[in-house]
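Understanding the architecture of this molecule
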Amino acid sequence: MKTVRLSVPAGEVNLPLCVRTGQVFRWYEIQGLWAGMANDALLIVNPEGNRWSLSAVGGEPIPLFTHLFRMEVDLKSVQVQLIRRDSRWEQWVRALPGLRLMRWTSATECLFSFLCTPANNLPRITGMIERLCERYGTPIAEWGGRQWHAFPTVERLAQAEEADLRALGFGYRARTLIEVARALQAREPNWLESLAELPYWDAKQALMTLPGVGAKVADCVLLFGLNHNLAVPVDTHMWQAMQKWVLPELRGKSLTERTYRQIVDWFHERFGEWTGWAHQYLFTAHLLESQRKGE
DNA sequence: CTTAGACCTGTATAC
DNA sequence: ATAAGCAGGTCTAAA
C-alpha cells in the first residue's frame, strides 16, 4: 500500500463534514486518520494541513479521492453560484465550509445502501451496511486493527436468505434488498448505470419501478450514484427546512407526490444545474441543527 | 389526489 | 415501562 501526497487548498474540502452527514456510510476515524470503503476499494486519508497523504487498497489513491469528493469541481465557484441564485444560501454556505457533494464509485452499492435508509437513523444504517459487508462481501484489506470488506455483489445478495438479513437487523428491508437484487439480475447487465444517460425525470421513473424505491431513494441514487445534478432527495430534513426557511407556503401541508414535485420544480427554476449542490447545503444545515437540538 | 396504518428496530424524551 | 407532529420512506387501501 503506497502513500502519496496531494495539495488540498484550505477550505476546498472538509472531509469529516462530507463523510459523516449521510451522503456515504462507510467512513471511520481511526488513529487520527480517516478510512472509507468505496465498493471494493479502501481509501485512507490524513487530512492535515494543505498537503494531505492518501493511501488506497484496490485503487489509485488520487483518482479515487478525486472521484469521491468531486475534486474537479471548484467549491468556491459553486458557493458563489448558490448565493447569487438565492441569497438565503449564504448563511448555510458560511456555516458549512468545505461541504462537498459526494460521488459514489458504484451505483449498485449506492442503491442498496439507500434501500437501508427509509424510516431509519444514521447510526443504525451504518451498522446494517457494515454487517452486510462483513457477511456477504469479499475481504479487501486488514488495516487499523480490523478487516475491510467489499460491498456484496448483486449475485451474492440475490442468493441471500431473508431470515439471515433479518438476523443482521434489517427488519422489513430484508425482503426489499433481495427483491431488488433479483430484479436487477432480470434486467440488462448495465441497466442501472445506463440510467445516467437518460434525462432526469425518465431515469427517476425507471428507478421507481424497483420495489422499495420511492421518490426519495430514487433521488439519492440519481444524485450520489448516477451523476444527476437535478435530483432533490426530499426527506424529513429537506421537508422541514423547506417549510421553515425557504417556502413558507408549504407550512401546514403534508409531503405528497404533489408537494414533492413542487419542491423539485422550485429547485430547478432557482438553481438549474446547481440543484444538487443547493440541496446538499440546505439538507446538511438542517441535519446538523436537529443533531444539536438532540443533545 | 389525499390520508392513515403497517412495517423492523434502536435511541432518547416524557410521563 | 412506554410512546414517538421518532428516525434521511414506501406501499396499500379507502374516502
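Residues numbered from 1 in each chain as written. Chains lettered and ligands numbered in written order. Predicted model: local features only at pLDDT ≥ 70, side-chain atom pairs only at ≥ 80, totals over all residues. Heavy atoms only, no water.

1. Here we look at the overall build of chain A
Quick reminder of the rule: Going along the chain from the N terminus, every DSSP run of H or I of four or more residues is numbered as a helix, and every run of E of two or more is numbered as a strand. Here the radius of gyration uses the C-alpha set of atoms, whereas the globule reference equals 2.2 Å times the residue count to the power 0.38. Exposure is judged per residue with a 1.4 Å probe applied to protein chains only, and the accessible area is read against the type maximum: over 50% gives exposed, under 20% gives buried, and values in between give partly exposed. The criterion used for residue contact is that any of the two residues' heavy atoms lie within 4.5 Å.
The helix and strand inventory of chain A stands at 15 helices and seven strands. A compact globule built from 295 residues should have a C-alpha radius of gyration of about 19 Å, and chain A, at 19 Å, falls within 12% of that. If one aligns the C-alpha atoms of chain A with their principal axes, the spans along those axes are about 50 × 45 × 40 Å. Expressed as a percentage of its 295 residues, the buried residues of chain A come to 53%. Pairs at least 24 residues apart make up 67% of the contacts formed inside chain A by residues separated by at least 6 positions.

2. Quick look at the packing of aromatic side chains
Heads up, the rule is: Only centres within 6.5 Å qualify two rings of Phe, Tyr or Trp (six-membered ring in Trp) as a pair; their planes then separate them into stacked at under 30 degrees, edge-to-face at over 60, and tilted for everything else. A positively charged side chain is recorded as over a ring if its NZ (Lys) or CZ (Arg) lies within 6 Å of the ring centre. The angle to the ring normal must also be within 35 degrees.
All told, the structure shown has 18 aromatic pairs when counted by the stated rule. Summarising the aromatic geometry, the rings of W52 and F65 are spaced 5.8 Å apart at their centres and angled 65° between planes, so their arrangement reads as edge-to-face. Of this pair, W52 sits in strand β5 (residues 51–57) while F65 sits in helix α2 (residues 61–68), and the two are 13 residues apart along the sequence. For the residue pair W52 and F65, the accessibility class agrees, reading buried in each case. An aromatic cluster is defined as three or more aromatic residues linked by ring pairs; in this entry it consists of W89, W92, W245, W266, F267 and F271. Positioned above the aromatic ring of Y28, the side-chain terminus of R146 is 4.8 Å from the ring centre. Here the guanidinium or amino end of R146 rests over the ring plane of W148, the centre of that ring lying 3.9 Å away.

3. Some remarks on the nonpolar core
The following threshold applies: Here, the term nonpolar core denotes a set of buried Ala, Val, Leu, Ile, Met, Phe, Trp, Tyr and Cys residues that are joined through side-chain atoms within 4.5 Å.
Core analysis: the biggest nonpolar cluster contains 103 residues, and F69, W89 and F267 have the highest contact counts within it. Ignoring anything within four residues of it in the chain, the contact list for F69 reads V13, L15, C18, V19, W27, R100, L101 and M102. Within the second largest apolar cluster, eight residues are counted, among which are I30, L42, I44 and W148.

4. Here's the deal with the protein's contact with DNA strand C
Note the following rule: In this text, near means that some heavy atom of the residue lies within 4 Å of the molecule or strand in question. Throughout this description, a polar contact denotes any pair of N or O atoms lying within 3.5 Å of each other; where both atoms belong to protein, one of them has to be capable of donating a hydrogen while the other can accept it, and for residues adjacent in sequence the pair is counted only when both atoms sit in side chains.
Taken together, 24 residues form the shell around DNA strand C, and within it T21, G22, G212, G214 and V217 come nearest. In DNA strand C, atoms within 4 Å of the protein come 64% from sugar and phosphate. Between DNA strand C and L122, the relevant distance is 3.3 Å, taken from a phosphate oxygen to a main-chain nitrogen or oxygen of the residue. A distance of 3.2 Å separates a phosphate oxygen of DNA strand C from a polar atom in the side chain of H237.

5. Quick notes on the sheet that holds strand β2 (residues 27–30)
Hydrogen bonds along the backbone pair up the strands of a sheet, which may run parallel or antiparallel. Note the cut-off: Two strands pair under a simple rule: DSSP has to find at least two bridges between them. Each axis is a line fitted through C-alpha atoms, and for a helix only the stretch in contact is used; angles between axes span 0 to 180 degrees, taken between their N-to-C directions.
Strand order in the open sheet formed by five strands is β1-β5-β4-β3-β2, and the pairing between neighbours is antiparallel. The open sheet is flanked by β1 (3–7) and β2, the only strands paired with a single partner. Between one strand axis and the next, the sheet turns through 25° on average, direction left out of account. The pairing of β2 with strand β3 (residues 33–38) spans four bridges and is classified as antiparallel. Counted as the bridge partner of I30 is L33 from β3. Along the sheet, α2 makes contact with β1, β2, β3, β4 (41–46) and β5, crossing β5 at roughly 105°.

6. Overview of the packing of helix α11 (residues 200–207) against helix α12 (residues 215–225)
Selection rule: Small angles under 35 degrees read as roughly parallel and large ones over 145 as roughly antiparallel, with 65 to 115 read as roughly perpendicular and the rest as oblique. With the far helix as reference, a near helix turned anticlockwise by less than a right angle produces a left-handed crossing, and one turned clockwise produces a right-handed crossing. Three residue categories are used. Nonpolar comprises Ala, Val, Leu, Ile, Met, Phe, Trp, Tyr, Cys and Pro, charged comprises Asp, Glu, Lys and Arg, and polar comprises the others, including Gly.
As a packed pair, α11 and α12 sit with axes 9 Å apart at the nearest point and diverge in direction by 125°. Here α12 runs oblique to α11, going by the angle between their axes. The two elements α11 and α12 meet at a crossing, and its hand is right-handed. Contacts between α11 and α12 involve Y200, A203, K204 and L207 on the former and, on the latter, A215, A218, D219, V221 and L222. Here the contact of α11 with α12 is composed, by residue class, of seven nonpolar, no polar and two charged.

7. Points about helix α5 (residues 107–114)
Of all eight residues in α5, eight are buried; the element is thus mostly enclosed. Of all the residues in α5, the buried ones are A107, T108, E109, C110, L111, F112, S113 and F114. With a side-chain oxygen lying 3.3 Å from the backbone nitrogen of T108, the N-terminal cap of α5 falls on S106.

8. Description of the pairing of strand β6 (residues 139–143)
Pairing of β6 with strand β7 (residues 146–149), which is carried by four bridges, proceeds in the antiparallel orientation. What sits directly across from P139, in β7, is H149. A loop of two residues connects β6 with β7, the two strands running antiparallel in sequence, and G144 in this loop sits at a positive phi of about 65°.

9. Focus: the pattern of salt bridges
Here is the rule we go by: Salt bridge, as used here: a side-chain nitrogen of Lys or Arg that lies within 4 Å of a carboxyl oxygen of Asp or Glu.
Tallying each qualifying case throughout the model produces 12 salt bridges. For R146, the salt bridge is made with E130, and the minimal N-O distance between the two is 3.9 Å. One end of the pair, R146, is in strand β7; the other, E130, is in helix α6 (residues 122–136), with 16 residues separating them in the sequence. By relative accessible area, E130 is classed as partly exposed at 25%.

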